[in-house]
Every structure is written in structure tokens, then in C-alpha cells.
Amino acid sequence: MMGSPTRVILGITGASGVLYGLRSLEKLVHLADEIQVIASANVQDIIRTELDDHAPTIEAFLEQLGSFKADVRVCNPKSYFEPPASGSYRHCGMLIAPCSMGTLGRIAAGTSDDLMCRAADVCLKERRKLVLLARETPLSLIHLRNMTAVTEAGAIVLPACPSFYHKPATLMDAIDTVVDRALAQLGLQTASKEWMK
Ligand SMILES: Cc1cc2nc3c(=O)[nH]c(=O)nc-3n(C[C@H](O)[C@H](O)[C@H](O)COP(=O)(O)O)c2cc1C
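Residues numbered from 1 in each chain as written. Predicted model: local features only at pLDDT ≥ 70, side-chain atom pairs only at ≥ 80, totals over all residues. Heavy atoms only, no water.

(A) Region of the structure containing the packing of helix 1 (residues 18-31) against helix 7 (residues 171-185). Running from N to C, helix 1 and helix 7 cross one another at 60 degrees; their axes reach a closest spacing of 10 Å. Considering their axes alone, helix 1 and helix 7 lie oblique with respect to each other. Remark: the crossing between helix 1 and helix 7 carries right-handed chirality. Across the interface between the two elements, Leu19, Tyr20, Arg23, Ser24, Lys27, Leu28 and Leu31 from helix 1 touch Leu171, Met172, Ile175, Asp176, Val178, Val179, Asp180 and Leu183 from helix 7. For the contact of helix 1 with helix 7, a count of residues per class yields 10 nonpolar, 1 polar and 4 charged. (Axes fitted to C-alpha atoms, helices over the stretch in contact; angles between N-to-C directions. Helix = DSSP H or I, 4+ residues; strand = E, 2+ residues; numbered from the N terminus. Parallel < 35°, antiparallel > 145°, perpendicular 65-115°, else oblique. Left-handed = near helix turned anticlockwise from the far one by under 90°. Contact = heavy atoms within 4.5 Å. Nonpolar A, V, L, I, M, F, W, Y, C, P; charged D, E, K, R; others polar.)

Here it is as C-alpha cells:
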């Protein structure tokens, strides 16, 4: 709809690679007008483990970012009294970054047993974009079947596979090769390089 705000839902789960989620948020606050963040209960442990951060909350991370244009709401992941729980909340899509195999399996099974899975289920039933930045290796047959099921239902499985053809110099450069592709799936363009341009 012309002139309507760009609303995005960002889920962050307890898979390795929490930087994928935090970097997505860092970019989204400048690209979107409204962001609903859903972090699973395991995210604090992963931030503590992977980033040696002793105050590992999404709110603390947002404060470090300084000023930005987006209106950001950090949702209660256990409550359904949050906008992403209903199809009546119009948005342009949901990115789950990183997406654990646990969450991916629950989405494939349609459990809707927490806000993350309910919001993803809403995306599928409303035929809205659902991008799952999946992180696991190697993959079991169960993971592969769940990926097939969510793909058949309309989701996009975008594995956490950095590309190297632009010669990323830092870890963040490598992460951006994945995050920028994920955001592009939601129709949000970043300043990432294109092949042969
Ligand atoms: C340090 C650490 C790294 C993990 N990495 C992964 C991973 O890469 N992929 C995955 O599917 N699960 C991973 N897990 C396991 C998930 O956190 C666990 O399955 C959890 O129940 C997922 O639930 P959530 O999706 O609600 O966060 C990891 C756990 C820990 C503590």
C-alpha cells in the first residue's frame, strides 16, 4: 500500500550466530519504520557465550546503537498479546535470524506454541514473506524434511552460508553477505555489492 509504514518482524533464536540477528537489527532500524523483535529465551545465553557480553539483552543492544528512525518494540516471547500474533497486524514480512532447527521444526509442525512460532504461522497463513536464516551443520533427514515442509508452505530457507567472492575482510563483512541477502528477500535493499557490478 502506498505510503504505509514499512513494518518488519525480526525473530532471534538460540542457534549459534547471534550476530546474524543483531546485525539484521542494526540495519533494520535504518531501513524500516516499525520493528517487532521476538527473541527466544535462549538468546541471552548465546550472546553471553559468543560475544562475552555480560548485559546480553536486546534492549541494551538497541541503546548502544544510538539514534535511529525505526519504532522498535521488543515483544514478550511468551505472550500472544503482541501485534505479530495476529494476521490483522499488517507487515511486509518476518525474518528469523539465526533460526534454530528447534524453531524451524516447530514452524514446520505448526505448533504456534510461543509468539515466535505463532508469528511465523501467521506469515504462512496470510501468505506473507517468512525468511528463515537457518543455522545447523550437518543436517539430519529431520532437518531436511522440516525445511522442505516450510518451503512447501511458502517460507524461504536461507542458510547461514557466507559468500566469499567479494573477499570479505572482517567477520562482519562475511556476516553481511548473508544478512543483506536475507533483507533483500523482504524487499529491503542495503548497500551490498552485486556480482559483476
Ligand atoms: C552455544 C549454543 C549454540 C547452539 N547452536 C545451535 C545451532 O547452531 N543450531 C541449532 O539448531 N541449535 C543450536 N543450539 C541449540 C538451541 O539453542 C536449542 O535447540 C534451543 O532449544 C532452540 O530453541 P529456540 O529456537 O527457541 O531458541 C545451540 C545451543 C547453544 C547453547
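(B) Up close: helix 7. With 15 residues, helix 7 should reach 21 Å at 1.5 Å per residue; the first-to-last C-alpha distance of 22 Å fits that figure. The largest bend along helix 7 reaches roughly 25 degrees and is located at Thr177. Three or more residues of helix 7 are buried, namely Ala174, Ile175, Asp176, Thr177, Val178, Val179, Asp180, Ala182 and Leu183. On its buried side, helix 7 packs onto helix 1, strand 4 (94-99) and strand 5 (130-134). Just beyond helix 7, the residue with positive phi is Gly187, at close to 85 degrees. (Expected span 1.5 Å × (residues − 1). Bend = angle between axes of the 7 residues up to and from the residue. Buried < 20%, exposed > 50% of the residue type's maximum accessible area, 1.4 Å probe, protein only.)

(C) Quick peek at the side chain of Ser112. Take Ser112: it is sitting in the loop between helix 4 (101-109) and helix 5 (115-125). Once residues lying within four places of it in the same chain are set aside, the contact partners of Ser112 are Tyr80, Cys117, Arg118 and Asp121.

(D) Here's a closer look at the nonpolar core. In this structure, Tyr20, Leu25, Leu28, Ile35, Ile58, Leu95 and Leu133 are the most contacted members of the largest nonpolar core, which totals 34 residues. Secondary-structure elements contributing two or more residues to this core are strand 1 (7-12), helix 1, strand 2 (34-39), helix 2 (43-51), helix 3 (58-64), strand 4, strand 5 and helix 7. Considering each element in turn, this core owes the most residues, 7 residues, to helix 1. Sequence-distant contacts of Leu95, defined by excluding residues within four places in its chain, comprise Ile9, Leu10, Gly11, Ser24, Val131, Leu133, Ala182, Leu183 and Leu186. (Core = buried A, V, L, I, M, F, W, Y, C linked by side-chain atoms within 4.5 Å.)

(E) Layout of the pairing of strand 4. The element strand 4 is extensively covered by neighbouring structure, given that 6 of its 6 residues are classed as buried. Side chains Met94, Ile96 and Pro98 project from strand 4 onto one buried face, and the interleaved Leu95, Ala97 and Cys99 project onto a second face that is buried too. Across 3 bridges, strand 1 lies against strand 4 in parallel orientation. Bridging from a neighbouring strand, Leu10 pairs with Leu95 of strand 4. (Pairing = 2+ DSSP bridges.)

(F) Quick look at the site of the ligand. Taken together, 13 residues surround the ligand, and among them Gly14, Ser40, Ser100, Thr103 and Arg135 come closest. The contact in question runs from an oxygen atom of the ligand to an N or O atom on the side chain of Thr103, over 2.5 Å. When isolated, the ligand has an accessible area of 640 Å², and the protein chains bury 65% of it. The residue makeup of the shell around the ligand, split by class, is 3 nonpolar, 7 polar and 3 charged. (Near = heavy atom within 4 Å. Polar contact = N/O pair within 3.5 Å; in protein donor to acceptor, adjacent residues only side chain to side chain. Areas by Shrake-Rupley, 256 points an atom, 1.4 Å probe, with all protein chains shown as cover.)

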